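Each chain, written out:
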Amino acid sequence: MKNHFDTWGLVALAVVLAVLPFTASGYVLYIVNLLMIYIVLALGLHLVIGETGQFALSHAAFYGIGIYAAGIINNTWHPNFVVSVLAAGAITAALGYLLGALAIRMRDIYLALSTFAFGEAMQWVFLNWTEVTNGSNGYQMSPARFFGFELTSDLGAYPFVVLGAALMLWLTVRLSRSQLGAAFRAVRESDVAARAMGIDANVVKRVAFMCSAAYAGVAGGLYTTFASFIHPESLGFWTTILILIMIVVGGIGSVRGAVVGAVIFGLISELLRQVLSFQEIIYGLILIGFMMFAPRGLFSGRARARKASPGGAGRAGA
Amino acid sequence: MSFADIWLFLQQGVWSGLVTGSVYALLAVAVVIVFKTTDVPNFAQGEIFMVGGYVALFMILVPGWHYAVVIPATLAAVAVICALFQRVVMERVIRAKGVGVQLVIATLGLAYVLKGAVRQTGLGDSPRSLPALVSSDTVMIGDAVLTRLDLMILGAAIVVMLALYVLFNHTRIGKAMRAVGMNPRAAQIVGVSLVRIRMAVWALAGLISAVSAILITPKILITPDIGHVAILAFAAAIVGGITSIPGAVVGGFIIGVAENLVGLFVSTNAIVVAPFLAILIVLIVRPQGILGGKAQVKKV
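Note that the structure is predicted; figures quoted are calculated from it, not measured.

As a further point, take the overall build of chain A. For chain A, the helix and strand inventory stands at 15 helices and four strands. Over its C-alpha trace chain A gives a radius of gyration of 19 Å, about what one expects of a compact globule, namely 20 Å for 318 residues. Based on the C-alpha atoms only, the size of chain A along its principal axes is roughly 55 × 45 × 45 Å. Expressed as a percentage of the 318 residues in chain A, the buried residues total 52%.

What follows covers the overall build of chain B. When helices and strands are counted, chain B shows 11 helices and two strands. Along the chain direction, N to C, the helices and strands of chain B fall in the order α-α-α-α-β-β-α-α-α-α-α-α-α. The globule rule puts the C-alpha radius of gyration for 300 residues at 19 Å, and the 19 Å found for chain B is close to it. If one aligns the C-alpha atoms of chain B with their principal axes, the spans along those axes are about 60 × 50 × 35 Å. Counting only residues that meet the buried cut, chain B has 51% of its 300 residues in that class. Here the analysis covers contacts within chain B between residues at least 6 apart in sequence; of these, 76% occur between residues at least 24 apart.

A separate point is the interface of chain B and chain A. Between chain B and chain A, the residue contacts involve 36 residues of the former and 33 residues of the latter. For the side of chain B that touches chain A, the elements supplying multiple residues, two or more each, are α3 (67-95), α4 (100-121), α9 (230-240) and α11 (274-285) of chain B. Of all the elements, α4 of chain B adds the most residues to the side of chain B that touches chain A, at 15 residues.

Another point: helix α12 (residues 237-250) of chain A. In this model α12 of chain A runs 20 Å from its N-terminal to its C-terminal C-alpha over 14 residues, within 8% of the 20 Å that 1.5 Å per residue would give. For α12 of chain A, a buried count of 12 out of 14 residues is recorded, marking the element as mostly surrounded by other parts of the structure. Taken together, the buried positions of α12 of chain A are T239, T240, I241, L242, I243, L244, I245, M246, I247, V248, V249 and G250 of chain A. Contacts made by the buried residues of α12 of chain A are with α2 (26-51), α3 (59-77), α6 (108-128), α13 (255-271) and α14 (279-293) of chain A together with α4 of chain B. Looking at the residues trailing α12 of chain A, positive phi occurs at G251 of chain A, about 120°.

Residue and element names in this part refer to chain B. Closest axis-to-axis distance for the helix α2 (residues 45-61)/α3 pair is 9 Å, and the angle between their directions is 140°. The angle between α2 and α3 falls in the class oblique. Between α2 and α3 lies a crossing of right-handed hand. Contacts from I48, V51, G52, V55, A56, M59 and I60 of α2 reach α3 at V70, A73, T74, A77, V78, I81 and C82. Tallied by class, the residues present in the contact of α2 with α3 amount to 12 nonpolar, two polar and no charged.

Let us now look at the pairing of strand β2 (residues 144-147) of chain B. Residue and element names in this part refer to chain B. Bridging between strand β1 (residues 138-141) and β2 involves four bridges; their strand directions are antiparallel. Within β2, the residue paired with M140 across the bridge is V145. Counted between consecutive antiparallel strands, the loop separating β1 from β2 contains two residues, among which G142 sits at a positive phi close to 60°.

Residues and elements named next belong to chain B. When pLDDT is averaged along chain B, the result is 87; 97% of the residues meet or exceed 70. Mean pLDDT across the elements of chain B bottoms out in β1 (81) and peaks in helix α8 (residues 194-216) (93). Reported confidences for the modelled complex are a pTM of 0.86 and an ipTM of 0.85.

All names here are of chain B. By the secondary structure assignment, A56 is in helix α2. A tally of 26 C-beta atoms within 10 Å means that A56 is categorised as buried. Sequence spacing of A56 and I255 is 199 residues, and the spatial spacing of their C-alpha atoms is 27 Å. Filtering out sequence-adjacent residues up to four positions away, A56 remains in contact with V70, T74, L130, A213, I214 and T217.

With that out of the way, let us pick up α3 of chain A. Look at α3 of chain A: 27 Å from first C-alpha to last across 19 residues, which is about the 27 Å you get at 1.5 Å a residue. Count one or two residues on from α3 of chain A and you reach H78 of chain A, which has phi positive near 50°.

With that settled, consider unusual backbone geometry. Excluding glycine, residues mostly carry a negative phi; peptide bonds, for their part, are mostly trans. Despite not being glycine, H78 of chain A has its phi angle at roughly 50°, a positive value. Following the sequence through the fold, H78 of chain A ends up in the loop between α3 and α4 (81-99). Residue class for H78 of chain A comes out partly exposed when judged on the 14 C-beta atoms lying within 10 Å of it. The backbone of D39 of chain B shows a phi angle near 65°, a positive value even though the residue is not glycine.

Residue and element names in this part refer to chain A. Scored by pLDDT, chain A comes out at a mean of 85, with 92% of its residues at no less than 70. Within chain A, helix α15 (residues 300-308) has the poorest average pLDDT of any element, 49, and helix α11 (residues 201-226) the best, 94. The model gives residues 302-318 a pLDDT under 50, and that stretch makes 21 contacts with residues more than four places away or in other chains.

Residues and elements named next belong to chain B. Running from N to C, helix α10 (residues 245-265) and α11 point in directions that differ by 130°, and their axes come no closer than 10 Å. The angle between α10 and α11 falls in the class oblique. When you trace α10 past α11, the crossing you get is right-handed. Here I255, A258, E259 and V262 of α10 come into contact with α11, specifically with A274, P275 and A278.

Mapping F234 of chain B onto the fold places it in helix α9. Judged by the 30 C-beta atoms lying within 10 Å of it, F234 of chain B is buried. For F234 of chain B and A248 of chain B, which are 14 residues apart along the polypeptide, the C-alpha to C-alpha distance reads 8.9 Å. Leaving out residues up to four positions away in the same chain, F234 of chain B has contacts with L113 of chain A together with V31 of chain B.

Residue and element names in this part refer to chain B. Within the fold, A25 resides in helix α1 (residues 3-38). With 207 residues separating them along the chain, A25 and L232 place their C-alpha atoms 9.2 Å apart. Apart from the residues within four sequence positions on either side, A25 is in contact with A157, A236, A248, V249, G252 and F253.

Conventions adopted
Residues numbered from 1 in each chain as written. Chains lettered and ligands numbered in written order. Predicted model: local features only at pLDDT ≥ 70, side-chain atom pairs only at ≥ 80, totals over all residues. Helix = DSSP H or I, 4+ residues; strand = E, 2+ residues; numbered from the N terminus. Rg over C-alpha atoms; globule rule 2.2 N^0.38 Å. Buried ≥ 20, exposed ≤ 12 C-beta atoms within 10 Å, placed from the backbone. Contact = placed C-beta atoms within 7 Å. Expected span 1.5 Å × (residues − 1). Axes fitted to C-alpha atoms, helices over the stretch in contact; angles between N-to-C directions. Parallel < 35°, antiparallel > 145°, perpendicular 65-115°, else oblique. Left-handed = near helix turned anticlockwise from the far one by under 90°. Nonpolar A, V, L, I, M, F, W, Y, C, P; charged D, E, K, R; others polar. Pairing = 2+ DSSP bridges. pLDDT = per-residue confidence, 0-100.

Shown next as structure tokens:
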């Protein structure tokens, strides 16, 4: 039954997304593009926090590195945007693997705070490495290209962003059903027990960091296909927190939750721009309300039921 | 730079660092006591501090009360806000089987609400500071120049720290707080009410935040975004060991002095990033902090 639910949900979503460009205005398409980016970011954070249980709060930093990397590549060589997106993902993956070394030395709050410190330090680099990032004036990016076409509008980038997000979603599901996904979850439940079963927990943790960072880098690369400007202010701790909120509200450890959470909180943070003066109060109350009345997230009931069932494959959550 | 200059800078940096560091130390203590007893890194710490400053500012500007009334009223108001938040929101999250990350997000929610509420009052539209408690005449200590206000900040902070020492070592409620921090279950069995103690700890954290806000706001300008100083408090708590109260005090002074020395010797631009580097280095080299005791190994 669950599979039917998912299949029909995806079909309905695909139809809506296919019809949308013919009916909606540029602003709506921009929002949808942004939501797709949020979904990719949330999936990336889901891999490291939800699947592997490593509290990495450096997501916005990798997102930023992805944006700057893709933007600089676009500005210098004007390649096909696929190249710059993949390059951004590769660069952040390498850095993520390096940062994953932190997870070998520490856990929980210590890991959260050290990755948080890394994130803040990266934002400082974005702000102060003026020769490369143009510092606090923000960075102007030339339009991405696709076989000679310039993607100058939200509409032009829309199909690629949607396809990119769909691809990442498919990849996430594949990943969590693979042996690596099982290793991720084993490390989450207990890295000592995982080691006893022959899983190299240190490598698994670093690979989780690497995957998560690669997702953030790809999200950054996709962002450059429809946006032409980035400011370091939007790459700080609060962006990471927004993504964290998405996966927590969706239900930690659930792919569905990450997607739905990304859509809900992407929309909330966008809609709240309309009521600027009450934005923060409403946003804070929503957070408190969710945590008071549905702290386990929207998609946790399902996951718990499966864990309890005999012979169930654990909290696969895919 | 000649040797005499370096010596002068060093003295100035250390003394100014001790003054700002004393405020970081107080905030770090607030972070540590909440973390020890409720397992929550309180991400609203900075905003609670900020609200302390604005409540005092409001009472001085609008009804025009005297400091003698404003100070106790501010302390009480902030402590009550914190205690209510713990009692109403956090207890509910705990009962709904929320774990660390949910509790953290609830504190982030509080941070947003407090910031938004202060903006609504309109006081935050321009940077402000409180009228001075004491004159800002300068005092020379060695070659370093401080103001009377600086000395009062440092002195008052040390008095508060001593009071906390007495509270945690020689009173029933202080010992109960420590017991909950060590082993909540055992504390409950010997008759400590967890709900009441957690509330008291949050109230105490609010009280400390309000004290530090009243101490430092005559010296600096505050805006609704001043809450980011909590990052320095977290840095201080980590440097000292996040479960150690003396560690938090030591860490606060270290961060304060380091910040000032970096500003004087490297560049003012580097001040912002120094605490993060401190966090990273300490966590990589000695994750449990300076006074954090032995590193704990989690067993299955």
